[in-house]
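# Coordinates in review
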Amino acid sequence: RQPEGNAHIFLQQVALDASGPKVVSSAELEEFSAMKAYVTDIRPETSDGVAAQPGLFATVYLKTDPAAGEPETWTVLIDDIGDIKVERETN
């Protein structure tokens, strides 16, 4: 969280070695930072956070107005070749 309460979301690749976890790479999802959003929750595709296939799918719940009743729902998808797609959920 930033001092004003909104969030910057980063995707990080973490590796575990003998001395503990290390960040291998880190990339900010600029789409969310530009919105100055207040993130209320981030959920992975599965409850244990482990995907059966390469890539990543997560749902991000956020508010651009902290007084809003319900959060907006966005999806983050990283496919098996590493392309990242961020879009508003449409269901």
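## Remarks on the overall build of the chain
Across its full length, the chain holds one helix and six strands. Counting from the amino terminus, the chain carries its helices and strands in the arrangement β-β-α-β-β-β-β. For the chain, the C-alpha atoms occupy an extent of roughly 45 × 35 × 25 Å along the three principal directions. Here the chain holds 91 residues, and 24% of them are scored as buried. Considering only residue pairs separated by 6 or more positions, the chain has 31% of its internal contacts joining residues 24 or more positions apart.

## Looking at the pattern of salt bridges
Counted according to the given criterion, the structure contains two salt bridges. Note that Arg43 and Asp41 form a salt bridge whose closest N and O atoms lie 2.5 Å from each other. Here Glu72 and Arg88 are joined by a salt bridge, their closest N and O atoms 4.0 Å apart. Placement of Glu72 in strand 5 (residues 72–78) and of Arg88 in strand 6 (residues 84–88) is noted, with a sequence separation of 16 residues between them. For Glu72, a relative accessible area of 18% gives the class buried. Owing to a relative accessible area of 45%, Arg88 belongs among the partly exposed residues under this scheme.

## Comments concerning the packing of aromatic side chains
In this description, an aromatic ring pair is defined by two values, namely the gap between the centres and the angle between the planes. Here the structure, examined in full by the defined rule, presents one aromatic pair. Look at Phe32 and Trp74: their rings are 6.0 Å apart centre to centre, the planes differ by 80 degrees, and that puts the pair in the edge-to-face class. With a gap of 42 residues between them, Phe32 in helix 1 (residues 30–35) and Trp74 in strand 5 connect regions that are remote in the sequence. Phe32 sits in the buried class, given a relative accessible area of 1%.

The rules behind these values
- Residues numbered from 1 in each chain as written.
- Predicted model: local features only at pLDDT ≥ 70, side-chain atom pairs only at ≥ 80, totals over all residues.
- Heavy atoms only, no water.
- Helix = DSSP H or I, 4+ residues; strand = E, 2+ residues; numbered from the N terminus.
- Buried < 20%, exposed > 50% of the residue type's maximum accessible area, 1.4 Å probe, protein only.
- Contact = heavy atoms within 4.5 Å.
- Salt bridge = Lys/Arg side-chain N within 4 Å of Asp/Glu carboxyl O.
- Phe/Tyr/Trp six-rings, centres within 6.5 Å; stacked < 30°, edge-to-face > 60°.

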